[in-house]
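Inside the fold
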Amino acid sequence: MRLIVVAHRKRSLLMALLSIQGGWYLYFWLIYCKIYSAIIWVFGNHCRGSDKARSVITTGVSGQSPGGLQRVRTRRRRAQQNRVKHIVALARRPSLRRIVMAPGASTAHTMMEDKEKALHGALATVRSSRISQFAPLLIALVGLPARGKSQLAHRLSRHLNWNGESTKVFDCSEYRRRHMALYGSHDIFRADNAQGSAIRRQSAREAVQDAVLWLKDGNSVAIFDGTNITREQRRELSEYCISDMGFRILFIECVCEDQELLERNIIEILRYSADYKSMSEEEAVDDLRKKLEHYMRQYEPIDENLETISFVRVENFGDTVTAHRVAGQKESGILGYLSGMRALPQTLYFTRHGESEYNVLGRIGGDASLSARGQLYAQALADHINALGGRDHVTVWTSERRRTKQTAADIRAPKRVVRALNELDAGICEGLTYEEMQERFPQEFAWRDQDKLRYRYPWGESYIDIMTRLRPALSALEDEHNVVVVGHQAVLRCMLGYFLDSKLDELPYMNVPLHTIVKLTSYGYKYKVEMIKLPIECVDTHRKQPKNCSINRTTDDALVTVPSHYDTLPSNLWQNPTEAQL
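Residues numbered from 1 in each chain as written. Predicted model: local features only at pLDDT ≥ 70, side-chain atom pairs only at ≥ 80, totals over all residues. Heavy atoms only, no water.

1. Quick notes on the nonpolar core
We apply this condition: In these notes, a set of buried Ala, Val, Leu, Ile, Met, Phe, Trp, Tyr and Cys residues joined through side-chain atoms within 4.5 Å is what counts as a nonpolar core. Note on exposure labels: buried denotes an accessible area under 20% of the residue type's maximum, exposed denotes more than 50%, and partly exposed covers the range between, all computed with a 1.4 Å probe on protein chains only. Contacts are assigned to residue pairs with any non-hydrogen atoms lying within 4.5 Å of each other.
I252, F350, L470 and M495 are the most contacted members of the largest nonpolar core, which has 68 residues in total. Excluding anything up to four places from it in sequence, I252 contacts I139, A140, L141, V142, L152, L156, V312, V314, I334 and L338.

2. A word on the packing of helix α7 (residues 149–162) against helix α20 (residues 489–499)
Defined as follows: Helix axes use the C-alpha atoms of the stretch in contact, all axes being lines fitted to C-alpha atoms, and the angles between their N-to-C directions lie in the range 0 to 180 degrees. Think of it this way: any DSSP run of H or I at least four residues long counts as a helix, any run of E at least two long counts as a strand, and we number them from the N terminus. Orientation categories follow fixed angle ranges, with anything under 35 degrees roughly parallel, anything over 145 roughly antiparallel, 65 to 115 roughly perpendicular, and all other angles oblique. The nonpolar class holds Ala, Val, Leu, Ile, Met, Phe, Trp, Tyr, Cys and Pro. Asp, Glu, Lys and Arg form the charged class, and all remaining residues, Gly among them, are polar.
Running from amino to carboxyl end, α7 crosses α20 at an angle of 140°, the nearest separation of the two axes being 9 Å. Between α7 and α20, the angle is such that the two are oblique. Residue-level inspection shows R158, H159 and W162 of α7 in contact with α20, the latter providing C494, Y498 and F499. Considering only residue class, the contact of α7 with α20 consists of 4 nonpolar, 1 polar and 1 charged.

3. Description of the pairing of strand β3 (residues 221–225)
The side chains of a regular strand alternate, first on one face of the sheet and then on the other. Our working rule: Two strands qualify as a pair provided that DSSP identifies no fewer than 2 bridges between them.
Of all 5 residues in β3, 5 are buried; the element is thus mostly enclosed. Side chains V221, I223 and D225 project from β3 onto one buried face, and the interleaved A222 and F224 project onto a second face that is buried too. Relative to β3, strand β1 (residues 137–142) is paired through 4 bridges, and the arrangement is parallel. Looking across to β3, one finds that A140 is bridged to F224. In this sheet, β3 lies alongside strand β2 (residues 167–171) in parallel orientation, the contact comprising 5 bridges.

4. Regarding the sheet that holds strand β12 (residues 526–533)
The 6 strands are arranged β9-β8-β10-β7-β11-β12 in an open sheet whose pairing can be described as mixed. Lying at the two open borders of the sheet, with one neighbouring strand each, are β9 (415–417) and β12. Along the sheet, successive strands turn relative to each other by an average axial angle of 20°, direction set aside. Direction of pairing for strand β7 (residues 347–352) relative to strand β11 (residues 516–523): antiparallel, over a ladder of 5 bridges. Pairing of T347 across the sheet is with T521, part of β11. Across the sheet, helix α19 (residues 463–477) touches β7, β8 (395–398) and β10 (483–487), and the angle it forms with β8 is around 170°. Along the sheet face, α20 touches β7, β10, β11 and β12 and points at about 155° away from the line of β7.

What follows is the structure, given as structure tokens:
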């Protein structure tokens, strides 16, 4: 109806102009048409631009996942970046805010807030996707006390270090204790304690700064062991790592609803935490209970609908593992490790096989049988382990070599032959003595002394090769209890080094003597070591690193640390076990 009225007015005006004498009326008609066309063009473009902006916001963000935005960006990077910037500019435009804040527009206002949250999520995804997968990684733990965060942090650090990722744990509690000569009480953890909050914030800041320095020094992974219980703390930490430092960041939230597991964690805190060393048991229990109450009032669990962070949620120490926005090679490997992790108290037994014929002769490798004294040790070991088996269920792991099977033969327990436990393959040097190696291959012998960890025998293996093939066995052993491992010197060096978190360069020279049981008992995230020497004589096979490792050294310098041995098998050590013991 409106269009009909406008058309009628135009015809009336045209007729009026035509009735005027002269040619100048045409000039006014052209001006009128120009002004009318300009007004229609301006209003038409404004409407189309608003509709286009709304369609971009709706289809580009609300109807598409952040992952989808990332996939589009990989095809058309510059266009996508400009598009996201344009979306944010439109969302922040004051004119649009005035429209959605108009009376009666509460629904539109809510929709706009949701769209802005989605935009911030898209921007966070775009920023994090720009960071290389080879960039350093900061792992930040999240959760209440006594949920297993510290145990998870150190087990993960041990696993990553073993796999070649230089990793270190930065415990926020240790930094807090530096600012407090003596732990007072739970009051420091109250939300309304300004002084306590300032100390905790400063401690967290120092821990993060040291973690950043660790990563800047060329290391791969830093683990920030703190609570990080509020969304604001996590948001600030995420923005600092991604935007300011260019690091990757992964949050790991520890949740524990298993009462038995929770009680065990609380007992370990009361027993081993430095905060409760000077308190009585009743005081410590009451203080820890109130500390947990303070944290529970402030705790904000990670919510994927409200936070745009990459995180893994671990429930009951590995019973259930949930991942969100996890991408990258390191992160994927960590996710796989966390999925197979369990929290069990452990007691593990490690022992070398009994003394073999090759041990007596000073020869390396091979598949020799036990000597007479080695047979005596096998019987003594069986007596010791069988006495334990009467109280606890025991499992025995051996290698494929004859001497380990002979050592474990009389143990009354299930046995597993694990190929990964085989001794280091010496290649062309199998069955040789150190003297023969120096005589035939002096250069190889010197190279081995220069870097025993990485040296690989020709057609053989290195310690690094042993570490690689032991990974599945160690992962399985972490979840076992009361296992007796009967192995070889180089293999047991690596296994003990793993559980004791030793430096890699120390592994080849760790002393693991014959006829000795090494007992490891877990407490918290550490292991207590107990050496049980059985009273059976044997040779010493431990060789220290010589001072002169040059390829031009003399034979005497090369053999100065070689342990003494027999040239031939003595009859009293081989033919008569009773006489050998005497």
